[in-house]
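# Commentary on secondary and tertiary structure
Here is what each chain is made of, one letter per residue.
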Amino acid sequence: MDKIAIIGLGYVGLPLAVEFAKKYTVVGFDIFQARIDELKKGYDRTLELTAEELQESINQGIHLVPTWMIFVVVLSLLLLFQHQ
């Protein structure tokens, strides 16, 4: 399964993540937990998306996570490649 990571869910990153989510699983990262929380509740302060568009994208496969999770992913990859 193909996955795409988008770092930063502002004016550019969020619409980009939504478009990619139409065909791929997308993990969207943002440094602000409050931003992640409001997006999960269907509110986009940048007004790039309506609540309906945002909810549809989440249903299609966007996963919204705080940026600190990148460190978990990178550490996991490092450990994986170290054992190969």
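To start, this report covers the structure provided alongside it. As the structure is a prediction and not an experimental result, all values here were calculated from the model.

Pairing is parallel in the open sheet, where three strands are placed in the order β1-β2-β3. Edge positions in the sheet fall to β1 (3–7) and β3 (62–66), since each has one partner strand and no second. Strand-to-strand twist in this sheet, taken as the mean axis angle between neighbours without regard to direction, amounts to 20°. With respect to the sheet, helix α2 (residues 33–40) is in contact with β2 (25–30) and β3, its orientation differing from that of β3 by roughly 150°.

Turning our attention to the pairing of β3. Across the two faces of β3 the burial differs, with Ile62, Leu64 and Pro66 buried and His63 and Val65 not buried at all. One ladder, built from five bridges, connects β2 with β3; its direction is parallel. Note that in β3 the partner of phenylalanine 29 across the bridge is valine 65.

The buried fraction of β2 is high, at five of six residues. Here five bridges tie β1 to β2, and the two strands are oriented parallel to one another. Considered in β2, the bridge of lysine 3 is made with threonine 25. In this view, the connection linking β1 to its parallel neighbour β2 by way of helix α1 (residues 13–20) has right-handed handedness.

What follows covers a nonpolar patch on the surface. On the surface, Leu16, Phe20 and Tyr24 cluster together into a nonpolar patch covering about 240 Å² of accessible area. Along the chain, leucine 16 falls in helix α1. Classification of leucine 16 by relative accessible area gives partly exposed; the value is 38%.

General note: in soluble globular proteins, nonpolar side chains tend to be found buried as a group. If you look at the biggest cluster of nonpolar residues, it comprises 13 residues, and the most contacted ones within it are Leu9, Leu14, Ala17, Val26, Leu39, Ile62 and Leu64. Breaking this core down by element, the ones donating at least two residues are α1, α2 and β3. For this core, the element with the highest residue contribution is α1, accounting for three residues. In this structure leucine 9 touches Leu14, Ala17, Gly28, Phe29, Asp30, Arg35, Ile36, Leu39 and Leu64, once residues within four positions along its chain are discounted.

What counts and how
- Residues numbered from 1 in each chain as written.
- Predicted model: local features only at pLDDT ≥ 70, side-chain atom pairs only at ≥ 80, totals over all residues.
- Heavy atoms only, no water.
- Pairing = 2+ DSSP bridges.
- Helix = DSSP H or I, 4+ residues; strand = E, 2+ residues; numbered from the N terminus.
- Axes fitted to C-alpha atoms, helices over the stretch in contact; angles between N-to-C directions.
- Contact = heavy atoms within 4.5 Å.
- Buried < 20%, exposed > 50% of the residue type's maximum accessible area, 1.4 Å probe, protein only.
- Right-handed = clockwise from strand over helix to strand, strands pointing away.
- Patch = residues over 30% accessible without salt bridge, like charges linked within 9 Å, V, L, I, M, F, W, Y side chains within 5 Å.
- Areas by Shrake-Rupley, 256 points an atom, 1.4 Å probe, with all protein chains shown as cover.
- Salt bridge = Lys/Arg side-chain N within 4 Å of Asp/Glu carboxyl O.
- Core = buried A, V, L, I, M, F, W, Y, C linked by side-chain atoms within 4.5 Å.

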